[in-house]
Amino acid sequence: MLSVYVPSDVSLRKAPAADLAALPDSAVWVDLVRPTAGEDRAVERLAGIAVPTREDMQEIEISSRLYIENGARYMTATLMCQSDTDMPRTTAVTFILAGHRLVTVRYDAPKPFALVENKLARACAPGISGEMVLMELLDAVIDRCADILERCGADIDQVSHDIFEPESERHGHAKQYSQILIQIGRKGDLTSKVRESLVSIGRLVTFLSAVMEGVKFSKDMREQLKTMQRDVASLTDHASYLSNKITFVLDAMLGVVNLEQNNIIKLFSVMAVVLMPPTLIASIYGMNFKSMPELEWTHGYSMALLLMLAAAIGPYFLFKWKKWL
């Protein structure tokens, strides 16, 4: 799908792109979503660039993601996608600055693109250029990563509370440890993906700052790039902190599970020891030998029951006194 945006008064208007042979020269942003071969050729004619393929965008080496070719600046970043679902993933998005026109190539729908499109459709600065659209997109991507990390941090705090909740709150319901472990795993996966995206964006911003040194770039945009670099660095540190916290919570969770299992095993062990003396007494008086003097006792049955009861109570209070229970 091909979307073309042209300036209109103080907004960015989406122009019809039905005729691929005659794309508007006034377009400042061309957005390619799962482009066809015909759309690739039309954009290449308009912007004088070579649109990278999906395989090219998935290369991980820096030289294949950030480079200059025929005066156009190619920048590929890894962005978050479907972060609000149980199956978040990352997707590669290429930003191409050719002159003052921005071309984006993507095969998924990261949320910042829709946010920026709606924002610029309502209002934008006069004389908007591709560089300004790129700044808006990068700013929205960084804000989105910050929102995800904030939500992830709040969820991790809730998981931590579920693990270390007071004994009074734990009474009366069984803790679903399997569900907590699944939540920890999902938050760890989401955090690692956000950190991967932030590292990729940080490299892109650094590259963009370097290549813009020799270009007439407004002072506000240069300051905005510096702010983005600081934001990305701080968010990357925060993502690392959350990763460490998730590791701690996972270790604590496994420790709590081990303690619960040990308590259950200890309970069975205590029950076995408590019942062993009564079982021994019952076994002795359950033998069928004739010459057993206690068999003729009038109160032998009652005394045997009392002896078995005392033999069970004695070890129990001994364990309580030793604080083994």
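Residues numbered from 1 in each chain as written. Predicted model: local features only at pLDDT ≥ 70, side-chain atom pairs only at ≥ 80, totals over all residues. Heavy atoms only, no water.

*Asks:* Please clarify how a negative patch on the surface should be interpreted in this entry.
*Replies:* Among the surface-exposed residues, Glu55, Asp56, Glu59 and Glu61 lie close enough to one another that they form a single negatively charged patch. By relative accessible area, which is 55% here, Glu55 ends up exposed. (Patch = residues over 30% accessible without salt bridge, like charges linked within 9 Å, V, L, I, M, F, W, Y side chains within 5 Å. Areas by Shrake-Rupley, 256 points an atom, 1.4 Å probe, with all protein chains shown as cover. Salt bridge = Lys/Arg side-chain N within 4 Å of Asp/Glu carboxyl O. Lys, Arg positive; Asp, Glu negative; His and termini not counted. Charge placed at Lys NZ, Arg CZ, Asp CG, Glu CD. Buried < 20%, exposed > 50% of the residue type's maximum accessible area, 1.4 Å probe, protein only.)

*Asks:* Even after reading the chapter, I still don't get the sheet that holds strand S5 (residues 72–81), so can you show me in this structure?
*Replies:* Where strands meet in a sheet, backbone hydrogen bonds hold them as pairs that are either parallel or antiparallel. An order of S2-S1-S3-S7-S6-S5-S4 is seen for the seven strands of this open sheet, with the pairing classed as mixed. Every interior strand has two partners, whereas the edge strands, strand S2 (11–15) and strand S4 (66–69), have only one. Direction aside, neighbouring strands of the sheet carry axes that sit 25° apart on average. Bridge count for S4 against S5 is four bridges, and the pairing is antiparallel. By the bridge assignment, Tyr67 is partnered in S5 with Tyr74. Against the sheet, helix H1 (residues 37–47) engages strand S1 (2–8), strand S3 (29–33), strand S6 (89–98) and strand S7 (101–106), with an angle of about 160° to S3. Contacts from helix H7 (residues 177–211) reach S4, S5 and S6, with the element oriented near 165° to S5. (Pairing = 2+ DSSP bridges. Helix = DSSP H or I, 4+ residues; strand = E, 2+ residues; numbered from the N terminus. Axes fitted to C-alpha atoms, helices over the stretch in contact; angles between N-to-C directions. Contact = heavy atoms within 4.5 Å.)

*Asks:* What am I meant to see in the pattern of salt bridges here?
*Replies:* When their charged atoms lie close together, side chains carrying opposite charge are able to pair. All told, the structure shown has nine salt bridges when counted by the stated rule. A salt bridge links Lys245 to Asp157; the nearest nitrogen and oxygen atoms lie 2.3 Å apart. Taken as a pair, Lys245 in helix H8 (residues 219–284) and Asp157 in helix H5 (residues 130–163) lie far apart in primary sequence, 88 residues in all. Residue class for Asp157 comes out partly exposed when judged on its relative accessible area of 41%. A salt bridge links Asp189 to Lys193; its shortest N-O distance comes to 2.7 Å. One end of the pair, Asp189, and the other, Lys193, are both in helix H7, four residues apart, so they sit about a helical turn from each other. Among the ionic contacts, a cluster of salt bridges with common partners joins Asp84, Arg144 and Arg151.

*Asks:* Explain the packing of aromatic side chains here, please?
*Replies:* What describes a pair of aromatic rings is the distance from one ring centre to the other and the angle between the planes of the rings. Throughout the structure, instances matching the rule amount to three aromatic pairs. Judged by centre distance (6.4 Å) and plane angle (40°), the ring pair of Trp29 and Phe113 falls under tilted. In this pair, Trp29 sits in strand S3 while Phe113 sits in helix H4 (residues 111–122), placing the two residues 84 residues apart along the sequence. What makes Trp29 buried here is its relative accessible area of 0%. Relative to Phe113, the ring of Phe95 has its centre 6.3 Å away and its plane inclined at 15°; by these criteria the two rings are stacked. With Phe95 in strand S6 and Phe113 in helix H4, the pair connects residues that are 18 residues apart, well separated along the chain. Here Phe95 and Phe113 have matching classes, each one buried. Here a set of aromatic residues connected by ring pairs shows up, and it is made of Trp29, Phe95 and Phe113. The ring centre of Phe113 lies 4.3 Å from the NZ or CZ of Arg106, which sits over that ring. (Phe/Tyr/Trp six-rings, centres within 6.5 Å; stacked < 30°, edge-to-face > 60°. Lys NZ or Arg CZ within 6 Å of the ring centre and 35° of its normal.)

*Asks:* I tried to follow the state of the cysteines on my own but got confused; where do I start?
*Replies:* Here a disulfide denotes a covalent bond joining the sulfur atom of one cysteine to the sulfur atom of another. This model, assessed by the stated rule, comprises zero disulfides. As a non-bridged cysteine, Cys81 has Cys145 as the owner of its nearest cysteine sulfur, 12 Å distant. For the unlinked cysteine Cys152, the closest cysteine sulfur is that of Cys145, found at 12 Å. (Disulfide = S-S within 2.5 Å.)

*Asks:* Quick question: what am I supposed to make of the side chain of Lys187 here?
*Replies:* Take Lys187: it is sitting in helix H7. A distance of 2.8 Å separates polar atoms of two side chains, one belonging to Lys187 and the other to Asp155. Leaving out residues up to four positions away in the same chain, Lys187 has contacts with Cys152, Asp155, Ile156 and Ile246. (Polar contact = N/O pair within 3.5 Å; in protein donor to acceptor, adjacent residues only side chain to side chain.)

*Asks:* It is not clear to me how the pairing of S3 should be interpreted in this structure. Could you clarify?
*Replies:* Look at any regular strand and the pattern is simple: side chains alternate between the two faces of the sheet. Burial of S3 is extensive: five of the five residues sit out of reach of the surface. Side chains Trp29, Asp31 and Val33 project from S3 onto one buried face, and the interleaved Val30 and Leu32 project onto a second face that is buried too. With four bridges joining them, S1 and S3 adopt antiparallel strand pairing. When the bridges of S3 are listed, Leu2 appears paired with Leu32.

*Asks:* Before we go on, may I ask you to explain the packing of H5 against H7 in this structure?
*Replies:* Viewed as axis vectors pointing N to C, H5 and H7 meet at an angle of 155°, and their least axial separation amounts to 10 Å. Between H5 and H7, the interaxial angle falls into the category roughly antiparallel. Handedness of the H5/H7 crossing: left-handed. The residue makeup of the contact of H5 with H7, split by class, is 21 nonpolar, three polar and four charged. (Parallel < 35°, antiparallel > 145°, perpendicular 65-115°, else oblique. Left-handed = near helix turned anticlockwise from the far one by under 90°. Nonpolar A, V, L, I, M, F, W, Y, C, P; charged D, E, K, R; others polar.)

*Asks:* Even after reading the chapter, I still don't get a nonpolar patch on the surface, so can you show me in this structure?
*Replies:* A contiguous nonpolar surface patch, about 480 Å² in accessible area, is contributed by Leu280, Ile284, Tyr285, Met287 and Phe289. Considering the arrangement of structural elements, one finds Tyr285 in the loop between H8 and helix H9 (300–321).

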